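Examination of the molecular architecture
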Amino acid sequence: MAPDKFKLAVLVSGRGSNLQAIIDSIEKNALQAEIALVISNVKTAYALERARKHGLEGLFLDPKSYPDRNSYEQALVERIQSKSVNLVCLAGYMRVLGKYFIEAFSGRIINIHPSLLPAFPGLNVQKRALEHGARFSGCTVHFVNEEVDGGPIIMQAVVPVFDEDDEASLSERILEQEHIIYPQAIQLILADKLTLSGRRVLHKK
Ligand code: GAR
């Protein structure tokens, strides 16, 4: 019998281009994983459509159907645990996760963020990088802890910021790099190539 594949749950809220990059890497066998479940907190998220097109289970879980954040997160955790998932990947998931969820998958949640953290955590980050006059920006894949966008950094990619840029052009340049480094970071984790030293992530040779 073939060994079980490394299982991912991907949490999304919107367009899902990073989900697509993960799916494409798996289909090209550049990433030896399988997506066990895609969950969205937004009913109309195009990411759910992408999941279905590739025969993946895509689930909308409505935060409004739960009395508070904790009970919503309990429902999320149950769904994910029922699939024996190895890693939870946030891919444009626009809700802040609380203690309950983070403790349930401690050290096994990663996120992609469209800036060079620790610069510009939070929202509207490409706009803020432009307004601030940054000459370089980029994206970061990091482990998720309770500090928003503050967990240990796994990979980053840098892009230049041009005088002619607007939010759309800078976002597009960054997104191209997100699609490259997110699947690579997942592959590093499943191949056991990372160790944590304090808040630094070291890459084994
Ligand atoms: C991406 O740029 C991702 O880095 C960002 O949302 C976009 C989602 O695009 N995530 C965050 O800002 C999280 N704080 P996608 O739905 O096409 O993958």
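Relevant structure appears above.
Treat the numbers as computed from the prediction; the structure is a model and nothing was measured. (Residues numbered from 1 in each chain as written. Predicted model: local features only at pLDDT ≥ 70, side-chain atom pairs only at ≥ 80, totals over all residues. Heavy atoms only, no water.)

Topic: the sheet that holds strand 4 (residues 87-90)
Note: strands within a sheet are paired through backbone hydrogen bonds, in either parallel or antiparallel orientation. The strand order across the open sheet built from seven strands is 3-2-1-4-5-6-7, with neighbouring strands paired in mixed fashion. Two strands close off the open sheet at either side, each with one partner strand: strand 3 (58-60) and strand 7 (153-160). Between one strand axis and the next, the sheet turns through 20 degrees on average, direction left out of account. Pairing between strand 5 (residues 109-113) and strand 6 (residues 136-143): four bridges, direction antiparallel. By the bridge assignment for strand 6, Ile112 is matched with Val141. Helix 2 (residues 46-53) contacts strand 1 (6-12), strand 2 (33-40) and strand 3 of the sheet and is inclined by roughly 150 degrees relative to strand 3. (Pairing = 2+ DSSP bridges. Helix = DSSP H or I, 4+ residues; strand = E, 2+ residues; numbered from the N terminus. Axes fitted to C-alpha atoms, helices over the stretch in contact; angles between N-to-C directions. Contact = heavy atoms within 4.5 Å.)

What about the environment of Ala134?
Inspection of the secondary structure assignment puts Ala134 in the loop between helix 5 (125-132) and strand 6. The sequence separation of Ala134 and Glu27 amounts to 107 residues, and the corresponding C-alpha distance is 36 Å. Contacts of Ala134, omitting those with residues within four sequence positions, involve Phe120, Ala129 and Val161.

Observations regarding the pattern of salt bridges
Under the counting rule described, the total for this entry stands at six salt bridges. Between Glu57 and Lys83 there is a salt bridge; the shortest N-O distance is 2.8 Å. In this pair, Glu57 is assigned in the loop between helix 2 and strand 3 and Lys83 in the loop between helix 3 (69-81) and strand 4, connecting sequence segments 26 residues apart. The exposure class of Glu57 is partly exposed, given its relative accessible area of 39%. (Salt bridge = Lys/Arg side-chain N within 4 Å of Asp/Glu carboxyl O. Buried < 20%, exposed > 50% of the residue type's maximum accessible area, 1.4 Å probe, protein only.)

Notes on the packing of aromatic side chains
Applying the stated criterion across every chain yields a total of two aromatic pairs. Taking 5.5 Å as the distance between ring centres and 65 degrees as the angle between the ring planes, the aromatic pair formed by Tyr66 and Tyr72 counts as edge-to-face. The exposure class of Tyr66 is partly exposed, given its relative accessible area of 25%. Among the residues examined, Tyr72 registers a relative accessible area of 1% and is labelled buried. (Phe/Tyr/Trp six-rings, centres within 6.5 Å; stacked < 30°, edge-to-face > 60°.)

Concerning the side chain of Thr140
Inspection of the secondary structure assignment puts Thr140 in strand 6. The exposure class assigned to Thr140 is buried, which follows from its relative accessible area of 0%. Of the polar contacts made by the side chain of Thr140, one reaches the backbone oxygen of Ser115; its length is 2.7 Å. Among the polar contacts listed, one links the side chain of Thr140 to the backbone nitrogen of Leu117, at a separation of 3.1 Å. What Thr140 contacts, discounting residues up to four positions off in sequence, is Asn111, Ile112, His113, Ser115, Leu116, Leu117, Ile153, Met155 and Gln156. (Polar contact = N/O pair within 3.5 Å; in protein donor to acceptor, adjacent residues only side chain to side chain.)

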